[in-house]
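Residue-level listing of the chains:
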Amino acid sequence: MKNVLVLVHDDEGQEARLQAAFDLVRGVRGHLTCVDVVAVPVFIGDYLGAGGDALLLTDEKARESRNAAVIKARLAHEDVPYDWVDATGDPAACVRDAAKLADLIVVNRKLGGEWYPDMTEIAGELVLKSRKPVLAVPEGARRLDLTGNVVIAWDGSDSAEAAMRAALPLLALAQSVTLLQINDGSIALQASEAAQYLARHDIRADVQIEEGRGAKVHEILATVLRSRNAAYVVMGGFDHARWVESLFGGVTRAMLEQSPVPVLLAH
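Residues numbered from 1 in each chain as written. Predicted model: local features only at pLDDT ≥ 70, side-chain atom pairs only at ≥ 80, totals over all residues. Heavy atoms only, no water.

A.B. asks: Break down the pattern of salt bridges for me, citing the residues and quoting the values.
C.D. replies: Within the structure shown, the criterion is met by 14 salt bridges. Put simply, Arg 96 and Glu 125 hold a salt bridge, and the shortest N to O gap is 3.0 Å. Here Arg 96 is found in helix α3 (residues 91-98), whereas its partner Glu 125 is found in helix α4 (residues 119-129), with 29 residues between them in sequence. We classify Arg 96 as partly exposed; its relative accessible area is 23%. Two residues, Arg 143 and Asp 145, come together in a salt bridge whose shortest N-O distance is 3.8 Å. Salt bridges linked by common partners bring Glu 15, Asp 23, Arg 26, Arg 74, Glu 78 and Asp 79 together as one network. (Salt bridge = Lys/Arg side-chain N within 4 Å of Asp/Glu carboxyl O. Helix = DSSP H or I, 4+ residues; strand = E, 2+ residues; numbered from the N terminus. Buried < 20%, exposed > 50% of the residue type's maximum accessible area, 1.4 Å probe, protein only.)

Here it is, written out as structure tokens:
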């Protein structure tokens, strides 16, 4: 994991994204790609016909130009090698296009403001369509502690395997790794086997088994994250069909909306 890509945009979550990306690049001694996106506004009612589309886009370009100048000046004093990509359009599509050679994409898990499009949707789309691991950070995060405690949400799925493999370079830096298995009758590959896999990579992992007993998986997971004082969680994303996740909630969406810590997702 050497090539880290981060979305640059003047919104409530930008500082959290940047701090997480800086910590990642320093931790793995990698390279940062900043994708500065001028997001095309969504037009409502008659404002579009009155030429409001051009005014909104002009305002967005001016704001993002000011933001880019500030971030570039800051990067000159950060100890991270970087390159810069300018893009205009849908943020998820712009990031996906720039991420073909990225090892990890950093976005927010959710934004509390009214910025469009919703960051939860961007994270989900990137996980599914880019086929790259995505680190989704809370908008209030101030750092990513790579030497802290890590929880892997293990359900034996292909996505969980992909997430664990993608996280190997980071897991090697962690103080502790916990494989959390929540028994709900659908575990095909036990967490003990995942622990053996990690051991062969010189990563020691404890296995914690929790019984579902009708409780919501994301609530159990959030409780364990707090009890373990986890720095971040690794989990598979959208292992079921996306429309099923949309209709019935889904653990992925719940974690993107509610996780107290950054979420590293892969599909």
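From this point, the narrative continues.
A.B. asks: Hey, could you go over α3 for me, with residue numbers and the actual values?
C.D. replies: Of the positions making up α3, those classed as buried are Pro 91, Ala 92, Cys 94 and Val 95. All buried residues of α3 fall inside an arc of 165 degrees around its axis, so they share one side. For α3, the elements touching its buried residues are β1 (3-8), β2 (31-39), β3 (82-89), β4 (104-108) and α4. (Arc of directions from axis to C-beta. Contact = heavy atoms within 4.5 Å.)

Without other data, these values stay purely geometric and don't point to any function.
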